[in-house]
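Examination of the molecular architecture
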Amino acid sequence: MPPVEVRDLAIGYGDFVVQRNLNFVVNKGDIFVIMGGNGCGKTTLMRALVGLQRPLQGSVLFGGEDFWGAPEEERQRLNRRLGVLFQVGALWSSLTLAENVALPLSEYTALTQARIAEVVSFKLALVGLAGFEEFYPAELSGGMKKRAGVARALALDPDILVIDEPSSGLDPLTARRLDELIVDLRDALGTTIVVVTHDLASILSIGDNSIFLDSEAHTMISTGNPQQALISAHPKVRHFLTRGTG
Amino acid sequence: MPNDPPWRLDIRPAGEDGLEINLGGRWCLNAQLPACDVLTAELGGRIRRVGIAAVGLTEWDSGLLAFLCGALRVCAERDIAADTAGLPSGAQRLIAMALAVPEQKVPGRDTAPPSLSARVGMATVEFLRDGPQMLHFLGEITQSLVRLAGGRARFRARDLWLEIEEVGPRALPIVAVISFLVGLILAYLGADQLRLVGAQIFIADLVAIGMVREVGALMTGIIIAGRTGAAFAAQLGTMQVNEEIDAYKTLGISPVDFLVLPRILALMLMVPLLTLYSGIIGILAGLLVSVTIFHVGVFEYYAETLRALELKHFLVGLSKGSVYGAMIAFAGCLRGMHCGRSAEAVGRAATSAVVTAILLITVAASIMTIVYYQLGI
Ligand SMILES: Nc1ncnc2c1ncn2[C@@H]1O[C@H](COP(=O)(O)OP(=O)(O)O)[C@@H](O)[C@H]1O
Ligand SMILES: [Mg+2]
């Protein structure tokens with residue numbers, strides 16, 4: 001059973017269908033890229049994947065279990081297998097970094113405070129933020145917030161990590177380092193990672209598989225490895241991947 | 001034995017200065033793992049080498065890594081050579097990642113809760129700072145008003161209208177309910193005393209003068225402080241969190257002109273009108289009580305009310321309303337503009353705005369009552 005499968009999905013707001021006829025499978029341990037231009041519906045799709053917004057139609061399956069068809073408790077259980085990193089970090093502003101990462105652990109595990117503190121230190125160290133435990137989100141730079149967001153998303157050792165626009169608001173080097181972190185995490189933990197992005201450098205360097213959402217056709221117009229999409233795919237996708245020069 | 005932990009930890013000395021550690025069984029977060037200290041306690045003295053192996057390790061997750069990382073950090077600090085080659089390759093990579101960036105030693109971060117005396121001291125300093133902060137803000141508003149008078153202050157008329165609508169029409173129902181009930185209470189209170197001397201008709205004087213001069217403005221002030229003062233603080237506080245206020249500053253637009261002025265003007269304009277409205281509703285309540293319970297004639301009551309109400313009472317009520325309105329907007333904007341950068345700070349700003357507004361209203365009410373009395377108004 002693939003960790004994530006999407007069947008005949010339509011997403012949108014009320015009568016406004018943003019994307020329809022979405023069908024794709026994310027394989028275990030893949031870095032799966034959802035790409036497309038601004039406003040094509042990437043964030044909307046991500047919200048449907050992580051259980052924040054009911055799709056207009058179709059289903060999202062995690063390990064073969066239909067998410068939106070399941071009852072509430074079942075959905076919460078499935079949700080816990082997902083780690084989510086939001087576009088702007090969405091760290092809880094009145095909690096320190098340590099408390100941000102510790103909250104899911106103290107909610108959903110039976111660990112003692114001392115053990116939680118050790119796990120939190122490890123997760124923060126993993127994203128290069130060792131020693132920043134007592135900082136509040138407002139005291140961090142953009143890149144540090146993103147990495148702290150990764151640490152929180154990883155708190156419960158999720159099977160699937162969903163990341164919205166990892167590189168937005170970061171300088172190219174910091175963005176690159178975040179990409180490397182994502183690849184390292186996948187390699188070491190075997191986590192399946194879904195990345196929503198329009199950043200060409202990361203699409204081409206980290207993506208194992210991808211879909212391209214088009215804002216005019218209101219559906220996906222290409223699937224497959226992004227490197228191959230460069231040569232073989234729909235002209236629109238090539239146009240996008242070569243910044244309009246190919 | 002069912003109570004045995006699913007994990008195994010063997011620590012053996014190896015040679016003169018070495019330590020062999022083996023981790024077996026299940027090392028998962030839900031497996032009641034031991035604390036890091038078990039391992040770090042062994043790292044003292046003459047230990048120079050540590051070898052970590054994982055013979056018989058069946059399952060692992062962050063639990064294992066968190067346990068080892070603490071110890072490996074200590075090794076790094078004490079120059080102890082640590083060999084992790086015996087661990088699963090995924091674990092090795094993650095440990096390498098976690099140890100790649102050295103721990104930041106951040107100076108001056110005291111996490112211990114402050115002692116009682118320290119808290120008293122901090123609260124005092126905060127309280128003393130409040131005065132100058134208020135004065136400073138008052139100064140900024142005055143400058144902004146001067147600019148407004150000179151036609152140089154910029155804000156959008158739409159903002160003023162929005163606030164006026166919010167404080168005006170939308171506040172009518174709640175002000176009506178409260179004023180009606182307060183009018184009712186005043187009438188009963190007066191009737192009880194005046195009946196003793198057979199002078200129920202003077203309920204009309206009591207209610208009319210009381211509502212129009214004092215109570216109407218006070219009640220309206222308190223309602224608007226809770227309703228609008230808190231909203232101002234929350235709005236401006238959220239803008240502060242989103243750096244919207246900084247964005248105004250960098251564009252050379254004074255946030256006081258743009259955000260605070262329309263709010264102050266709206267309240268100074270609308271609270272007096274609400275005060276008048278509150279007074280009228282209160283008088284109607286008094287009329288209802290007098291006529292139905294205490295058998296005063298409708299026309300008698302009407303005539304007595306007209307006789308009692310002089311222009312000066314209206315002017316006193318309106319002036320109080322205007323001052324209270326300014327106080328509420330001042331408190332709300334002050335707390336909002338000085339809000340911290342977190343959701344919690346926004347909540348604190350809203351609470352503090354209401355408390356400050358009610359405090360200021362009460363102080364202003366006392367001063368104005370005394371001054372008007374001395375002036376014989
Ligand atoms: N809350 C909303 N209500 C209505 N339409 C929305 C809402 N959020 C986004 N949209 C619209 O949905 C489309 C896709 O938005 P989004 O998923 O945020 O795009 P992307 O993340 O790809 O840039 C856009 O046309 C946007 O205007
Ligand atoms: Mg988006």
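Note that the structure is predicted; figures quoted are calculated from it, not measured. (Residues numbered from 1 in each chain as written. Chains lettered and ligands numbered in written order. Predicted model: local features only at pLDDT ≥ 70, side-chain atom pairs only at ≥ 80, totals over all residues. Heavy atoms only, no water.)

Side note on the confidence of the model for chain B
Residues and elements named next belong to chain B.
- Across chain B, the average pLDDT comes to 88, with 98% of residues at or above 70.
- When pLDDT is averaged over each element of chain B, helix α11 (residues 311-337) comes out on top at 95 and helix α8 (residues 244-250) at the bottom at 80.
- Interface confidence for the predicted complex, given as ipTM, is 0.75, next to a pTM of 0.72. (pLDDT = per-residue confidence, 0-100. Helix = DSSP H or I, 4+ residues; strand = E, 2+ residues; numbered from the N terminus.)

Description of the domain arrangement of chain A
All names here are of chain A.
- Domain annotation of chain A identifies domain 1 (1-81 + 159-246) and domain 2 (88-157).
- Computed from C-alpha coordinates alone, the two centres of domain 1 and domain 2 are separated by 25 Å.
- Each side of the interface is counted separately: domain 1 has 11 residues, and domain 2 has 12 residues.
- Both faces considered, domain 1 and domain 2 share a buried interface measuring about 970 Å² in area, 76% of it formed by carbon and sulfur atoms.
- Ranking the residues of domain 1 by area buried against domain 2 places Arg 80, Leu 161 and Leu 181 at the top, with a combined share of 42%.
- Our enumeration of links across domain 1 and domain 2 arrives at 0 salt bridges.
- At the surface where domain 1 touches domain 2, the tally comes to 2 residue pairs in polar contact (both at pLDDT 80 or more). (Domains from an automatic or database assignment. Contact = heavy atoms within 4.5 Å. Buried area = accessible area lost by both parts, 1.4 Å probe. Salt bridge = Lys/Arg side-chain N within 4 Å of Asp/Glu carboxyl O. Polar contact = N/O pair within 3.5 Å; in protein donor to acceptor, adjacent residues only side chain to side chain.)

Let's talk about the pairing of strand β3 (residues 31-36) of chain A
All names here are of chain A.
- With 6 of 6 residues buried, β3 is to be regarded as a mostly interior element.
- Side chains of β3 alternate between two faces, with Ile 31, Val 33 and Met 35 and Phe 32, Ile 34 and Gly 36 buried alike.
- Here β3 pairs with strand β9 (residues 209-214) via 5 bridges, running parallel. The residue of β9 that forms the bridge with Val 33 is Ser 210. (Buried < 20%, exposed > 50% of the residue type's maximum accessible area, 1.4 Å probe, protein only. Pairing = 2+ DSSP bridges.)

Section: the environment of Glu304(B)
Residue and element names in this part refer to chain B.
- By secondary structure assignment, the location of Glu 304 is in helix α10 (residues 298-308).
- Once the C-alpha coordinates of Glu 304 and Thr 356 are considered, the two residues, 52 residues apart in sequence, prove to be 38 Å apart.
- The residues touching Glu 304, leaving out its near neighbours within four places in the chain, are Ile 201, Phe 202, Ala 204 and Asp 205.
- Within the structure, the side chain of Glu 304 is placed 2.9 Å from the side chain of Arg 307, a separation counted as a polar contact.

Some points on the interface of chain A and chain B
- Listed by partner, the interface residues are 26 residues for chain A and 29 residues for chain B.
- A buried area of about 2,400 Å², summed over both sides, lies between chain A and chain B, and 66% of it is on carbon and sulfur atoms.
- The interface formed by chain A and chain B contains 2 salt bridges.
- At the junction of chain A with chain B, the criterion picks out 7 residue pairs in polar contact (both at pLDDT 80 or more).
- Those elements giving two or more residues to the side of chain A that touches chain B turn out to be α4 (113-126) and α6 (172-189) of chain A.
- Counting residues per element, the side of chain A that touches chain B draws most heavily on α4(A), which supplies 7 residues.

Observations concerning the site of ligand 1
Residue and element names in this part refer to chain A.
- Every residue lining ligand 1 is accounted for by Tyr 13, Phe 16, Val 18, Gly 37, Asn 38, Gly 39, Cys 40, Gly 41, Lys 42, Thr 43 and Thr 44.
- The contact in question runs from an oxygen atom of ligand 1 to an N or O atom on the backbone of Lys 42, over 2.8 Å.
- Thr 44 places a side-chain nitrogen or oxygen 2.5 Å from an oxygen atom of ligand 1.
- In the complex, the protein chains occlude 57% of the 560 Å² of accessible area that ligand 1 would expose alone.
- Elements with a contribution of two residues or more to the shell around ligand 1: β2 (16-26) and α1 (42-49).
- The leading source of residues in the shell around ligand 1 is α1, at 3 residues.
- In the shell around ligand 1, the residues fall into 4 nonpolar, 6 polar and 1 charged. (Near = heavy atom within 4 Å. Areas by Shrake-Rupley, 256 points an atom, 1.4 Å probe, with all protein chains shown as cover. Nonpolar A, V, L, I, M, F, W, Y, C, P; charged D, E, K, R; others polar.)

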